[in-house]
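One-letter residues, chain by chain:
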Amino acid sequence: SEGRGGNRFATILMYMSDMEEGAGGETVFSRARLAGDDVPTSTEVIKTMRESGELDSISPGSWEENMIGQCRTNLSVRPKKARAVLFYSQFPNGKEDPKSFHGACPVLGDHSKWACNLWVWNA
């Protein structure tokens, strides 16, 4: 991408395990905020999850806690075995697409997530 030295233009993320709703492990696009007036803030999500005990295994104020807030307030994809997500890191003109920035949401409780990446590069 322009200014970053890389030329990865697409990612295919393949899921090899299922994650139950609420178990974490989603792929989150942290710059792609969900639309709508009823979307809570990250702070509200964390407070609600703390009160319910869902975050008992996560340290308050940690990067994991912050990431969970992002996972519940931005576009995210829950892993489903044998499915894949394809997204592009660049626009057709080669400039980086900032909404493609992504991360892995922490897995909550006694669950496991398995996935693999296939990165597609320009030659």
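Residues numbered from 1 in each chain as written. Predicted model: local features only at pLDDT ≥ 70, side-chain atom pairs only at ≥ 80, totals over all residues. Heavy atoms only, no water.

Colleague: Explanation requested: the confidence of the model for the protein in the structure shown.
Modeller: Close inspection of predicted coordinates is inappropriate for parts of the model with low pLDDT. Across the protein, the average pLDDT comes to 90, with 94% of residues at 70 or higher. Taken element by element, the protein is modelled with least confidence in strand β2 (residues 27–33), mean pLDDT 92, and with most confidence in strand β4 (residues 84–88), mean pLDDT 96. (pLDDT = per-residue confidence, 0-100. Helix = DSSP H or I, 4+ residues; strand = E, 2+ residues; numbered from the N terminus.)

Colleague: Could you clarify how one ought to interpret the sheet that holds strand β5 (residues 103–104) in this entry?
Modeller: The strands that make up a sheet are held in pairs by hydrogen bonds between backbone atoms, and each pair lies either parallel or antiparallel. Spatially, β3-β2-β5 is the arrangement adopted by the three strands of the open sheet, whose pairing is antiparallel. In this open sheet, the two strands that pair with only one neighbour each are β3 (74–77) and β5. In this structure, β2 lies alongside β5, joined through two bridges in antiparallel fashion. Bridging across to β5, valine 28 finds its partner in glycine 103. (Pairing = 2+ DSSP bridges.)

Colleague: Teacher, can you tell me more about the pattern of salt bridges here?
Modeller: Two side chains that carry opposite charge are able to pair once their charged atoms sit near each other. Using the criterion set out here, one finds four salt bridges in the structure. A salt bridge links glutamate 26 to arginine 72; the shortest N-O distance between them is 3.4 Å. A residue pair is termed long-range when its members are at least 10 positions apart, and glutamate 26 in the loop between β1 (8–15) and β2 and arginine 72 in helix α2 (residues 63–73) qualify at 46 residues. With relative accessibility at 8%, the residue glutamate 26 sits in the buried group. (Salt bridge = Lys/Arg side-chain N within 4 Å of Asp/Glu carboxyl O. Buried < 20%, exposed > 50% of the residue type's maximum accessible area, 1.4 Å probe, protein only.)

Colleague: For this particular structure, what's the right way to read helix α1 (residues 42–52)?
Modeller: One full turn of an α-helix is made of 3.6 residues, so residues set three or four places apart face in the same direction. Along α1, the residues that are buried comprise Val45, Ile46 and Met49. For α1, the angular spread of the buried residues around the axis is 95°, confining them to a single face. Seen from the buried face of α1, the exposed residues on the opposite side, beyond 90 degrees, are Thr43, Lys47 and Glu51. Glycine 53, located one to two residues past α1, shows a positive phi value of around 90°. (Arc of directions from axis to C-beta.)

Colleague: Explanation requested: the environment of tryptophan 121 in the structure shown.
Modeller: Among the secondary structure elements, tryptophan 121 is positioned in strand β6 (residues 115–121). The exposure class assigned to tryptophan 121 is partly exposed, which follows from its relative accessible area of 47%. Placed 114 residues apart in sequence, tryptophan 121 and asparagine 7 show a C-alpha to C-alpha distance of 5.7 Å. With sequence-adjacent residues up to four places away left out, tryptophan 121 is seen in contact with Asn7, Arg8 and Phe9. (Contact = heavy atoms within 4.5 Å.)

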